[in-house]
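What follows is each chain in one-letter form.
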Amino acid sequence: MMALKYFSAILIAALLVSCSSKMTEKSENDALNRISSDYVRLALNIGQYDTDFVDAYYGPDSLKPAAPKRADFPKDSFIMQAAGLKKELDSLAAASKNDSTSKRAKWLSAQLTAFERRIKVFSGENVSFDEESRELFDAVAPVYPEKHFQSQIARLDSLLPGKGSISDRFQKLAGNFLIPEDKIDTVFRTAIAEARRRTLTHYELPAGETFTLEYVRDKPWSGYNWYKGNFTSVIQINVSQPIFIERAIDLACHEGYPGHHVYNSLLEKNLYKDKNRTEISLYPLFSPQSLIAEGSANYGISVAFPGNEQKEFCKKVLMPLAEMDTSKADLYFEALSVKSGLGYVRNEAARGILNKTMTDEQAIQWLENYALLTPKGAADYLKFIKKYRSYVINYNYGQDLVKNYIEAKGGTDNAPERRWKLFGDLLSNEIKASDLQIKQ
């Protein structure tokens, strides 16, 4: 009888602990949901003034601003609101024993740190390139000296045929693979269909997911995904810029599958609809979320088309569609492989502009010399830098962080299924750059 009473007491105590734990988890979740709604309200209010602040929103109409914007930008009020929400989140993360609660709170706090910095940038209050990127994107990209880029240029010099500047010789070779404007739609739709087919082999995407393809002009970017919610996107391709054959696959993957469209669709399905995380219905462009978005979209190209598969698909399918001569394709893709080592060139131009260590003319010359851009291409990219600032690190450093994270967990060329699995997990959760660095 005594043993039975003792067992009953232990059982009751265990049940009380379990109930207490569930109550604590529920109260924490309720607190996070309330903060999440306030986070969205704040972002949408800021977006009334800073039109680049909100890239996408598909949440409740009840969170949209009820009053028209003021004549002046309420900087101090917005910063105070962000700081107040961060204080609540930081306390919640420190006190919680639930990993999911803590992780969600820390993610939201990092997003709000970005809110604070973007509010200041919009108000004309600037800091160094690295400090800005740390606060906006939770990351600081490495600095590469000019000698690093010179060594890559030397490799191209020995590879490219002809005489003259390396930039001119590269552009001459690339000119053989410029997609004629009347073939762009056919080539892009074929590339997107193949990228989608490969993605669907590994992921079950939400029912009804779809996209609309549009062609636009006079934009500072080459492609853009406008996510509309309910698993739909508008993918825009800027035909004012020259589009070379490999870019069809790059943009098909980056903007579509398994890039932005898939990332946003999986977040909406797994976190917003299944877990009622209202914060996911809002995508603030200048935030840690963008490093994951851009880094994964770039890395997704090699996930979908590993090794030489991009080159082979171009040679066998896309180039014939564009009526291109394939005889120099191997040389072109070899040059592209070497040129990929120049990825951080654009960061240094942006760092120079923001830190005021480069003039516009010097930045353009730098981009011509080391990014191998034409004068117009360099001038266009300078416009991109001035609009998007330290955002440039998300493409190259973001890609490297995602790549290193997945490969450290076994997602290598020799284990493609595991790579797809890890990549899908990354696309389905609230993850920031420092999470990737910690787990490398």
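Residues numbered from 1 in each chain as written. Predicted model: local features only at pLDDT ≥ 70, side-chain atom pairs only at ≥ 80, totals over all residues. Heavy atoms only, no water.

Novice: What am I meant to see in the packing of aromatic side chains here?
Specialist: Tallied over the full model, the rule gives 30 aromatic pairs. When the ring of Phe211 is compared with that of Tyr257, the centres are 6.0 Å apart and the planes differ by 70°; the resulting orientation is edge-to-face. Here Tyr257 lies in the loop between α8 (245–256) and α9 (260–273) and Phe211 lies in strand β2 (residues 210–216), a separation of 46 residues in the sequence. When the ring of Tyr224 is compared with that of Trp226, the centres are 4.1 Å apart and the planes differ by 15°; the resulting orientation is stacked. (Phe/Tyr/Trp six-rings, centres within 6.5 Å; stacked < 30°, edge-to-face > 60°. Helix = DSSP H or I, 4+ residues; strand = E, 2+ residues; numbered from the N terminus.)

Novice: What's the story with the packing of helix α7 (residues 184–200) against helix α11 (residues 309–321) in this structure? I'm lost.
Specialist: Relative placement of two packed helices is described by the angle separating their axes and the distance separating the axes. Taken N-terminus to C-terminus, the directions of α7 and α11 make an angle of 145°; their axes are 10 Å apart at the nearest point. The handedness of the crossing between α7 and α11 comes out as right-handed. Where α7 abuts α11, its residues Thr186, Val187, Thr190, Ala191, Glu194 and Arg198 lie against Glu309, Phe313, Val317, Leu318 and Leu321. Here the residues of the contact of α7 with α11 sort into six nonpolar, two polar and three charged. (Axes fitted to C-alpha atoms, helices over the stretch in contact; angles between N-to-C directions. Left-handed = near helix turned anticlockwise from the far one by under 90°. Contact = heavy atoms within 4.5 Å. Nonpolar A, V, L, I, M, F, W, Y, C, P; charged D, E, K, R; others polar.)

Novice: Can you help me understand empty space enclosed by the protein in this one?
Specialist: Sizing a probe to match a water molecule and rolling it over the atoms shows the empty space that remains. As enumerated under the stated definition, the model contains one cavity of 30 Å³ or more in all. Considering only enclosed or pocket space, the largest cavity measures out at about 50 Å³ in volume. Lining the largest cavity are Ala56, Tyr58, Tyr227, Asn264, Leu267, Ile280, Ser281, Leu282, Tyr283 and Gln289. For the lining of the largest cavity, the elements supplying multiple residues, two or more each, are α9 and β5 (282–284). When the residues that make up the lining of the largest cavity are grouped by side-chain class, the tally is seven nonpolar, three polar and no charged. (1 Å grid on protein atoms, 1.4 Å probe; cavity = no way out; pocket = protein on both sides within 12 Å on 5 of 7 lines; lining within 4 Å. Points joined across faces, edges and corners; volume = space filled by probe spheres on them.)

Novice: How should I be thinking about helix α12 (residues 329–339) in this particular structure?
Specialist: Owing to its 3.6 residues per turn, the α-helix brings residues three or four apart onto one side. For α12, the full list of buried residues reads Ala329, Tyr332, Phe333, Ala335, Leu336 and Val338. Considering only its buried residues, α12 is in contact with α5 (146–159), α6 (166–174), α8 and α11. (Buried < 20%, exposed > 50% of the residue type's maximum accessible area, 1.4 Å probe, protein only.)

Novice: Whenever I open this one, the nonpolar core confuses me. Can you help?
Specialist: A general feature of soluble globular proteins is that nonpolar side chains tend to end up buried together. Core analysis: the largest hydrophobic core is formed by 138 residues, its most contacted members being Phe115, Leu156, Ile245, Leu318, Tyr332 and Ile393. With eight residues, helix α1 (residues 2–47) is the single largest residue contributor to this core. When near neighbours in sequence (up to four residues on either side) are disregarded, Leu156 contacts Ile166, Arg169, Ala335, Val338, Lys339, Leu342 and Leu372. (Core = buried A, V, L, I, M, F, W, Y, C linked by side-chain atoms within 4.5 Å.)

Novice: What is the right way to look at unusual backbone geometry in this model?
Specialist: The phi torsion of most residues other than glycine is negative, and most of the peptide bonds are trans. Each neighbour pair has its own omega, and for Tyr257 with Pro258 the value is 5°, a cis peptide bond. The residue Pro258 is located in the loop between α8 and α9 in this model. If you check the backbone angles, Phe231 has positive phi at about 65° while not being a glycine. Following the sequence through the fold, Phe231 ends up in the loop between β3 (223–229) and β4 (232–238). Of note, Arg389 is a non-glycine position whose phi angle comes to about 60°, a positive value. Along the chain, the position of Arg389 falls in the loop between α15 (375–388) and α16 (393–408). A relative accessible area of 14% places Arg389 in the buried class.

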